[in-house]
Amino acid sequence: MYSHVAVHRSIIMSDDKQNGSDQVDKVAVEVAQMALESNEDAAKPATSDGAACTGATKKEENGTPKVAPVSTAAFKEQFKAFSKFGDTKSDGKHLTLSQSDKWMKQAKVIDKKITTTDTGIHFKKLKSMKLTFEDYNKFLDDLAKTKKVDLNEIKGKMANCGAPGIHNATPGKAADTVARLTDTSKYTGSHKQRFDDTGKGKGIAGRKDLPDGSGYVTGYTHKNTYDKTH
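Rules and cut-offs
- Residues numbered from 1 in each chain as written.
- Predicted model: local features only at pLDDT ≥ 70, side-chain atom pairs only at ≥ 80, totals over all residues.
- Heavy atoms only, no water.
- Helix = DSSP H or I, 4+ residues; strand = E, 2+ residues; numbered from the N terminus.
- Buried < 20%, exposed > 50% of the residue type's maximum accessible area, 1.4 Å probe, protein only.
- Contact = heavy atoms within 4.5 Å.
- Areas by Shrake-Rupley, 256 points an atom, 1.4 Å probe, with all protein chains shown as cover.
- Core = buried A, V, L, I, M, F, W, Y, C linked by side-chain atoms within 4.5 Å.
- Axes fitted to C-alpha atoms, helices over the stretch in contact; angles between N-to-C directions.
- Parallel < 35°, antiparallel > 145°, perpendicular 65-115°, else oblique.
- Left-handed = near helix turned anticlockwise from the far one by under 90°.
- Nonpolar A, V, L, I, M, F, W, Y, C, P; charged D, E, K, R; others polar.
- Salt bridge = Lys/Arg side-chain N within 4 Å of Asp/Glu carboxyl O.
- Patch = residues over 30% accessible without salt bridge, like charges linked within 9 Å, V, L, I, M, F, W, Y side chains within 5 Å.
- Lys, Arg positive; Asp, Glu negative; His and termini not counted.
- Charge placed at Lys NZ, Arg CZ, Asp CG, Glu CD.
- Phe/Tyr/Trp six-rings, centres within 6.5 Å; stacked < 30°, edge-to-face > 60°.

Undergrad: A description of the overall build of the protein chain should follow, citing residues and the corresponding values.
TA: Helix and strand content of the protein chain: 9 helices and 2 strands. Taken from N to C terminus, the helices and strands of the protein chain fall in the order α-α-α-β-α-α-β-α-α-α-α. Here the protein chain, with 230 residues, has 21% of them falling under the buried criterion. Put simply, of all contacts in the protein chain between residues at least 6 apart along the chain, 52% involve residues at least 24 apart. For the protein chain, the exposed surface amounts to about 17600 Å²; the carbon and sulfur share of it is 53%.

Quick look at the structure:
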């Protein structure tokens, strides 16, 4: 910065010797300083609000943004629904450990990190067989802190897991195995004799050799093929 000013000043001073004017020297130096300062400001990176950047955008301590808080009303509705699940006499104000585990399993909160052993230990800390909505929130808060899981993430899964008893299960490899074992067209030996060509079971006829009273000898394969007009 000072080198540029010095250059401008030396030029103006040489002009002063020719013109003999101090006023021109002052004006030229001020213009040069203003130009250099504007160039330096333009080179600085700016944030979205126009201020110079002082560092990267702030993140949460673990490097990921926090999960948005879950609607209390939606979570409470799920609490009521699961408190009545399997108990027709429930008023929807209390939740048992069994109902809680069913809820958390359906929401896939119970996994390798959070087990039913963990839920049982923390549930019993409140020294009650049934928890109110307020106490259940204390139970979840204690569980989340101990297992180092985001509380809002747990509540979000539980609030959006659907009505009690709904499971989005997909067919697995077992379905292919069952289909193969029940395909009667692939049966051999005596098992094949228990079904007709359409795959329908023959009943007792497929399990026992019943006597043939038709008059045909055993092994005759042309039954009912003769011309009945004669």
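Read on for the rest.
Undergrad: Help me get a handle on the nonpolar core, residues and values and all.
TA: Residues Trp103, Met104, Tyr136 and Met158 are the most contacted members of the largest nonpolar core, which totals 23 residues. Among the secondary structure elements, those contributing two or more residues to this core are α3 (72–83), α4 (97–106), α6 (133–147) and α7 (151–159). In terms of residue count, α6 provides more of this core than any other element does, 6 residues in total. Sequence-distant contacts of Trp103, that is, excluding residues within four places in its chain, are made with Phe75, Gln78, Phe79, Phe82, Leu95, Tyr136, Met158 and Cys161.

Undergrad: An account of the packing of α4 against α6 is needed here, citing residue identities and associated values.
TA: The N-to-C vectors of α4 and α6 enclose an angle of 55°; their axes lie 13 Å apart at closest approach. Looking at the two axes, α4 sits oblique to α6. The way α4 lies across α6 gives a crossing that is right-handed. Contacts from Ser100, Trp103 and Met104 in α4 reach Tyr136, Phe139, Leu140 and Leu143 in α6. Looking at the contact of α4 with α6 residue by residue, the class counts come to 6 nonpolar, 1 polar and no charged.

Undergrad: Any details on the side chain of Thr119? Residues and values, ideally.
TA: Mapping Thr119 onto the fold places it in helix α5 (residues 116–124). Sequence-distant contacts of Thr119, defined by excluding residues within four places in its chain, comprise Leu97, Asp101, Met104, Ile110, Ile114, Phe139 and Leu143.

Undergrad: Please provide a residue-by-residue account of the pattern of salt bridges, values included.
TA: Evaluation of the coordinates by the stated rule reveals 5 salt bridges. For Lys125, the salt bridge is made with Asp142, and the minimal N-O distance between the two is 3.3 Å. Of this pair, Lys125 sits in the loop between α5 and β2 (130–131) while Asp142 sits in helix α6, and the two are 17 residues apart along the sequence. A salt bridge links Asp141 to Lys145; the nearest nitrogen and oxygen atoms lie 3.4 Å apart. Of the two residues, Asp141 and Lys145 both sit in helix α6, 4 residues apart, roughly one turn of that helix. In this structure Asp141 comes out as partly exposed when scored by relative accessible area, which is 29%. With a relative accessible area of 60%, Lys145 lands in the exposed category.

Undergrad: Summarise a positive patch on the surface; cite the residues concerned and give the values.
TA: The grouping of Lys76, Lys80, Lys84 and Lys93 at the surface amounts to a positive patch. Mapping Lys93 onto the fold places it in the loop between α3 and β1 (95–96). With relative accessibility at 54%, the residue Lys93 sits in the exposed group.

Undergrad: Explain the packing of α6 against α7 to me, and be specific about the residues and the numbers.
TA: Across the interface, α6 lies against α7 with an axial gap of 9 Å and an inter-helix angle of 125°. Accordingly, the angle class assigned to the pair α6 and α7 is oblique. Note that α6 runs across α7; the crossing there is right-handed. Residues Tyr136, Asn137, Leu140, Asp141 and Ala144 of α6 form the contact with α7, whose own contacting residues are Leu151, Ile154, Lys155 and Met158. For the contact of α6 with α7, the per-class residue count stands at 6 nonpolar, 1 polar and 2 charged.

Undergrad: With reference to specific residues and values, describe the packing of aromatic side chains.
TA: Considering all chains together, one arrives at 9 aromatic pairs under this definition. An angle of 50° between the planes, with centres 5.9 Å apart, marks the rings of Phe75 and Phe133 as tilted. Taken together, the residues Phe75 in helix α3 and Phe133 in helix α6 connect sequence positions 58 residues apart. For Phe75, a relative accessible area of 2% gives the class buried. Phe133 sits in the buried class, given a relative accessible area of 11%. Between the aromatic rings of Phe82 and Trp103, the centroid separation amounts to 5.2 Å while the plane-to-plane angle is 10°, which identifies the pairing as stacked. Within this pair, whereas Phe82 is found in helix α3, its partner Trp103 is found in helix α4, the two being separated by 21 residues in sequence.

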